[in-house]
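# Overview (structure and organization)
The primary structure of each chain is shown beneath.
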Amino acid sequence: MGLIKGMMKPKISIITVCLNAELEIKDTINSLASQTFKDFEWIVIDGMSKDNTVKYAKQAPIEKKIVVSEKDEGLYDAMNKGIKLANGEFLIFLNAGDYFYDKDTLKDLMESCQHADIIYGETYIVDQKTGKPLGRRRLKAPENLTYRKLLWGMLVSHQSVLIRKEIVEFYDTKYKISADIDWLIRCLKKTRKICNARRYVTCFKTGGLSGKNVIPALIERFKIQVKHFGWIRVILAHLWIMFRFPVQYIIYRRKV
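First, a word on what this report is: a plain description of the structure on this page. (Residues numbered from 1 in each chain as written. Predicted model: local features only at pLDDT ≥ 70, side-chain atom pairs only at ≥ 80, totals over all residues. Heavy atoms only, no water.)

### Here we look at the state of the cysteines
- Summed over the entire model, instances satisfying the criterion amount to one disulfide.
- Across a sulfur-sulfur distance of 1.9 Å, cysteine 113 and cysteine 195 are joined as a disulfide pair. Classification of the bridge connecting cysteine 113 and cysteine 195 rests on its S-S torsion, roughly -45 degrees, and on that basis the disulfide is left-handed. Of this pair, cysteine 113 sits in helix H4 (residues 105-113) while cysteine 195 sits in strand S9 (residues 194-205), and the two are 82 residues apart along the sequence.
- Given the relative accessible area of 3%, cysteine 113 is considered buried. (Disulfide = S-S within 2.5 Å. Helix = DSSP H or I, 4+ residues; strand = E, 2+ residues; numbered from the N terminus. Buried < 20%, exposed > 50% of the residue type's maximum accessible area, 1.4 Å probe, protein only.)

Quick look at the structure:
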């Protein structure tokens, strides 16, 4: 299902990658349907779900949508398919179960930051099993985001980043868990203007791909950082992170 011929291109392309997510995708659909800003398209890349995921996506009360259900070569291959189909000026990934922080999220982002190449904000964490709010993501988004800041880790969640389509890079599918940090670094290197929205953008449920594969994810991320920043800088940064992490984690747990 594509855009109707002659229809104006949307301001934002929202890409949802999913597989057997009939329960999770309802939260995403409700969030999109409630947005006060309507100039967006929804692109669903489904990996041939066996449940009602595709049915719910096709029936969603969203005017502009593209729903594709076919086999893929993994998460990042599916995300690349979404990029190829995107018609919007900006692009954002909002996977099944994730949702915008409130009904005015897109309106606020476009009113304050639409002239930027990259728009970013904070991510609110929700417990996947109980739905309990856990508060802001442990890594706070930096005041001024640059690719060099990602030497210190994935300081922003890619669910809370909008990128102008003309500078968007494809995900490198040789990375199976942490391709998002490589992708964001490459996009940031190309940008001319970055806007901190200074607000929560999305709510993210714990338990994603990297969360279930912590050690392999850290190893892959380390290799990616070495590729972009070199061995010496990465090792020194990780030594500092190891030194400060216990204190930061204790403070974070006390807050939530």
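Text resumes after the structure shown.
### Quick look at unusual backbone geometry
- Even without being a glycine, asparagine 20 presents a positive backbone phi close to 50 degrees.
- With respect to the helices, strands and loops of the structure, asparagine 20 is situated in the loop between strand S1 (12-18) and helix H1 (24-34).
- The backbone phi angle of methionine 48 is positive, close to 70 degrees, even though this residue is not glycine.
- With respect to the helices, strands and loops of the structure, methionine 48 is situated in the loop between strand S2 (40-46) and helix H2 (53-59).
- Take methionine 48: its relative accessible area is 35%, and that puts it in the partly exposed class.

### Regarding the nonpolar core
- The biggest cluster of nonpolar side chains holds 41 residues, and the ones touching the most others in it are Phe93, Leu150, Ile163, Tyr171, Trp183 and Leu184.
- In terms of residues, this core owes the most to one element, helix H5 (residues 179-190), which gives seven residues.
- For tyrosine 171, the residues in contact, after removing those within four places along its chain, are Tyr76, Met79, Asn80, Ile83, Phe93, His158, Ala179, Asp180, Trp183 and Arg186.
- Counting residues in hydrophobic clusters, the runner-up holds 30 residues, among them Ile25, Phe40, Leu106 and Ala116. (Core = buried A, V, L, I, M, F, W, Y, C linked by side-chain atoms within 4.5 Å. Contact = heavy atoms within 4.5 Å.)

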